[in-house]
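Residue-level listing of the chains:
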Amino acid sequence: MDRITRGLAAGAAGTTALNMVTYLDMVVRGRPASSTPEQSVEKLADVAGVALGEGEKAENRKAGLGPLLGFGTGLGAGLLYGLLAGRGRFPRPVGAVVLTGLAMAGSSAPMTVLGLTDPREWSASDWASDVVPHLAYGAVAALVYEALT
């Protein structure tokens, strides 16, 4: 299996882990889902000059496209890791940290550039809600990448 395919598979597994940890956090703390993915879709559509439709159709499209952005970020981070790691040159803990950082940067940086969030203003709880699922992403993605090598 080539490193791009390994990276994509690792990114898919990591994304599943991230989503599971996020949903578990929502259950345990009784918190709502984040609205920033849908807000990102709306901003990106505005910048690109793409109409999402009107009313309920537009809301439904944002609700569908928001999670797809997350899948794209997870797959993209895995793919980039595959290109960086080659045949598994990173020890698993280092790979987990690299993958965690790639996924966090891939999700937070665009939302920061779009003006939807500012990590400098996040509370400790906000950081925990972001870091813990991304750590799960990094750990699982590194494990899967190594297993496929």
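What you are looking at is a predicted structure, and each value in this text was computed from that prediction instead of being measured.

J.: Could you give me a rundown of the nonpolar core, with the residues and numbers involved?
T.: Counting 12 residues, the largest nonpolar core consists of Ala10, Leu18, Ala77, Tyr81, Ala85, Ala96, Leu99, Ala103, Tyr137, Ala141, Ala142 and Tyr145. Counting residues per element, the ones that place at least two in this core are helix H1 (3–29), helix H3 (55–85), helix H4 (92–113) and helix H5 (124–148). Those residues in contact with alanine 85 that sit more than four places away from it in its chain are Phe90 and Tyr145.

J.: If you had to explain helix H2 (residues 36–48) to someone new, which residues and values would you point to?
T.: Structurally, the α-helix is built with 3.6 residues per turn, so residues lying three or four positions apart point the same way. Taking 1.5 Å of rise per residue, the 13 residues of H2 would be expected to cover 18 Å, and the 18 Å separating its terminal C-alpha atoms lies within 8% of that figure. Looking at H2, one finds that the buried residues are Thr36, Ser40, Val41 and Ala45. Its buried side turned inward, H2 meets H3 and H4. At the C-terminal side of H2, glycine 49 shows a positive phi close to 70°.

J.: Quick rundown of the packing of aromatic side chains? Include the residues and the values.
T.: Counted by the stated rule, this structure contains three aromatic pairs. A ring pair is formed by tyrosine 81 and tyrosine 145, whose centres lie 5.1 Å apart and whose planes are at 85°; its orientation type is edge-to-face. Here tyrosine 81, found in helix H3, pairs with tyrosine 145, found in helix H5; they are 64 residues apart in sequence, far enough to count as distant. The pair tyrosine 81 / tyrosine 145 is uniform in exposure class, with both members buried. Members of the aromatic cluster, connected to one another through ring pairs, are Tyr81, Phe90 and Tyr145.

J.: Can you lay out a nonpolar patch on the surface for me, pointing to particular residues and giving the numbers?
T.: Taken together, the side chains of Ile4, Leu8, Leu65, Leu68, Phe71, Leu75, Leu80, Leu83 and Leu84 present a nonpolar region at the surface, about 720 Å² in accessible area. Contributing elements (two or more residues each) for the nonpolar patch: H1 and H3. The biggest single contributor to the nonpolar patch is H3, with seven residues. Mapping leucine 65 onto the fold places it in helix H3. Overall, the relative accessible area of 37% leaves leucine 65 in the partly exposed class.

J.: Please provide a residue-by-residue account of the side chain of histidine 134, values included.
T.: Its location among the elements puts histidine 134 in helix H5. Reaching out from histidine 134, the side chain makes a polar contact with the backbone oxygen of aspartate 130 at a distance of 2.6 Å. Contact partners of histidine 134, with chain neighbours within four places excluded, come to Leu18, Thr100, Ala103, Met104 and Ser107.

J.: So what about the pattern of salt bridges? Which residues, and what values?
T.: One pass over the structure, following the stated rule, counts six salt bridges. Two residues, glutamate 42 and lysine 62, come together in a salt bridge whose shortest N-O distance is 3.5 Å. Here the residue glutamate 42 occupies a position in helix H2, and lysine 62 occupies one in helix H3, the gap between them amounting to 20 residues. Lysine 62 sits in the buried class, given a relative accessible area of 7%.

J.: Account for the packing of H1 against H3, naming residues and giving values.
T.: A pair of packed helices can be characterised by two numbers: the angle between their axes and the separation between those axes. Packing of H1 against H3 brings their axes to within 7 Å, and their N-to-C directions diverge by 140°. In terms of their interaxial angle, H1 and H3 are classed as oblique. For the element pair H1 and H3, the recorded crossing hand is right-handed. Between H1, through Arg3, Ile4, Gly7, Leu8, Gly11, Ala12, Thr15 and Asn19, and H3, the contact on the second element is made entirely by Gly70, Phe71, Gly74, Leu75, Gly78, Leu79, Gly82 and Leu83. Split by residue class, the contact of H1 with H3 holds seven nonpolar, eight polar and one charged.

Rules and cut-offs
- Residues numbered from 1 in each chain as written.
- Predicted model: local features only at pLDDT ≥ 70, side-chain atom pairs only at ≥ 80, totals over all residues.
- Heavy atoms only, no water.
- Core = buried A, V, L, I, M, F, W, Y, C linked by side-chain atoms within 4.5 Å.
- Buried < 20%, exposed > 50% of the residue type's maximum accessible area, 1.4 Å probe, protein only.
- Helix = DSSP H or I, 4+ residues; strand = E, 2+ residues; numbered from the N terminus.
- Contact = heavy atoms within 4.5 Å.
- Expected span 1.5 Å × (residues − 1).
- Phe/Tyr/Trp six-rings, centres within 6.5 Å; stacked < 30°, edge-to-face > 60°.
- Patch = residues over 30% accessible without salt bridge, like charges linked within 9 Å, V, L, I, M, F, W, Y side chains within 5 Å.
- Areas by Shrake-Rupley, 256 points an atom, 1.4 Å probe, with all protein chains shown as cover.
- Salt bridge = Lys/Arg side-chain N within 4 Å of Asp/Glu carboxyl O.
- Polar contact = N/O pair within 3.5 Å; in protein donor to acceptor, adjacent residues only side chain to side chain.
- Axes fitted to C-alpha atoms, helices over the stretch in contact; angles between N-to-C directions.
- Parallel < 35°, antiparallel > 145°, perpendicular 65-115°, else oblique.
- Left-handed = near helix turned anticlockwise from the far one by under 90°.
- Nonpolar A, V, L, I, M, F, W, Y, C, P; charged D, E, K, R; others polar.

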